[in-house]
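Here is what each chain is made of, one letter per residue.
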Amino acid sequence: MSSSITVGTRVRLRDQDIWGVVDEIVGRHVIIEDEHSEYEYPDNRLEFHQDDVIEAEQYILQQQQREQELKEYLDHINSLK
């Protein structure tokens, strides 16, 4: 977990489409309120190991970089035709 993740930081679970705001940090775990949960508080609170979450902003930037790299690769392939 990045040291910049604190209570109030919006995060995403690395391998699943679960987004939320860190509500509590307990040891090496973060407790988030799932943004898309059909349940109300406190049932929408989920606990994850800190290494399993990434800051939402960082995740979005990584996705944008991957999309740009893919676009450049596809442009290169198309230029060979």
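In this text, all values refer to a predicted model and were calculated from it rather than measured experimentally.

### Quick notes on the nonpolar core
Within the largest apolar cluster, 9 residues are counted, these being Ile5, Val11, Leu13, Ile18, Val22, Val30, Ile32, Phe48 and Val53. Mapped onto this core, the elements with two or more residues apiece are β1 (10-13) and β3 (29-34). Here Val11 is in contact with Ile5, Ile18, Trp19, Gly20, Val22, Ile32, Val53, Ile54, Glu55 and Ala56, once residues within four sequence places are set aside.

### Concerning the pairing of β1
Relative to strand β2 (residues 19-26), β1 is paired through 3 bridges, and the arrangement is antiparallel. Bridging from a neighbouring strand, Val11 pairs with Gly20 of β2. Where β1 folds back onto β2 in an antiparallel hairpin, the turn is made up of 5 residues. Of the strand pairs in this sheet, β1 and strand β5 (residues 53-55) are connected by 3 bridges, and their pairing is antiparallel.

### Focus: the pattern of salt bridges
One side chain can pair with another of opposite charge once the charged atoms of both are near each other. Counted by the stated rule, this structure contains 5 salt bridges. A salt bridge links Glu35 to Arg10; its shortest N-O distance comes to 2.6 Å. One end of the pair, Glu35, is in the loop between β3 and β4 (45-49); the other, Arg10, is in strand β1, with 25 residues separating them in the sequence. The salt bridge involving Arg45 is made with Glu24; its shortest N-O contact spans 2.9 Å. On the criterion of sequence distance, the pair formed by Arg45 in strand β4 and Glu24 in strand β2 is long-range, its members being 21 residues apart.

### A look at the environment of Gln64
Secondary-structure assignment places Gln64 in helix α1 (residues 56-79). On a C-alpha basis, the gap between Gln64 and Ile5 in space is 21 Å, while along the polypeptide they are 59 residues apart.

### Observations concerning the environment of Gly27
Tracing the backbone through its elements, the reader meets Gly27 in the loop between β2 and β3. In this structure the C-alpha to C-alpha distance between Gly27 and Ser79, which are 52 residues apart in sequence, comes to 52 Å.

### A look at the packing of aromatic side chains
Under the counting rule described, the total for this entry stands at 1 aromatic pair. Between Trp19 and Tyr59 the ring centres are 5.5 Å apart and the planes differ by 80°, which places this aromatic pair in the edge-to-face class. Placement of Trp19 in strand β2 and of Tyr59 in helix α1 is noted, with a sequence separation of 40 residues between them. Judged by relative accessible area, Trp19 falls into the buried class, the value being 11%. For Tyr59, a relative accessible area of 17% puts it in the buried group.

Conventions we followed
- Along each chain, residues carry numbers from 1 onward, in the same order as the chain's sequence is written.
- For a predicted model such as this one, the threshold for reporting local features is a pLDDT of at least 70, and the threshold for listing and counting side-chain atom pairs is 80 or more; totals across whole chains, interfaces and linings nevertheless cover every residue.
- Side-chain figures throughout are based on the complete set of non-hydrogen atoms in the structure, without hydrogens or water.
- Among the buried residues, those of types Ala, Val, Leu, Ile, Met, Phe, Trp, Tyr and Cys that are joined through side-chain atoms within 4.5 Å form a nonpolar core.
- The buried label applies to any residue whose accessible area, calculated with a 1.4 Å probe on protein chains only, is under 20% of its type's maximum; exposed applies above 50%, and partly exposed to all values in between.
- To qualify as a helix, a DSSP run of H or I must reach at least 4 residues; to qualify as a strand, a run of E must reach at least 2; elements of each kind are numbered from the N terminus.
- By definition in these notes, contact holds between two residues if any of their heavy atoms fall within 4.5 Å.
- The pairing criterion is simple: DSSP has to find at least two bridges between the two strands.
- Salt bridge criterion: a side-chain nitrogen from Lys or Arg within 4 Å of a carboxyl oxygen from Asp or Glu.
- Here a pair means two rings of Phe, Tyr or Trp (six-membered ring of Trp) with centres within 6.5 Å. Their orientation is stacked below 30 degrees between planes, edge-to-face above 60, and tilted elsewhere.

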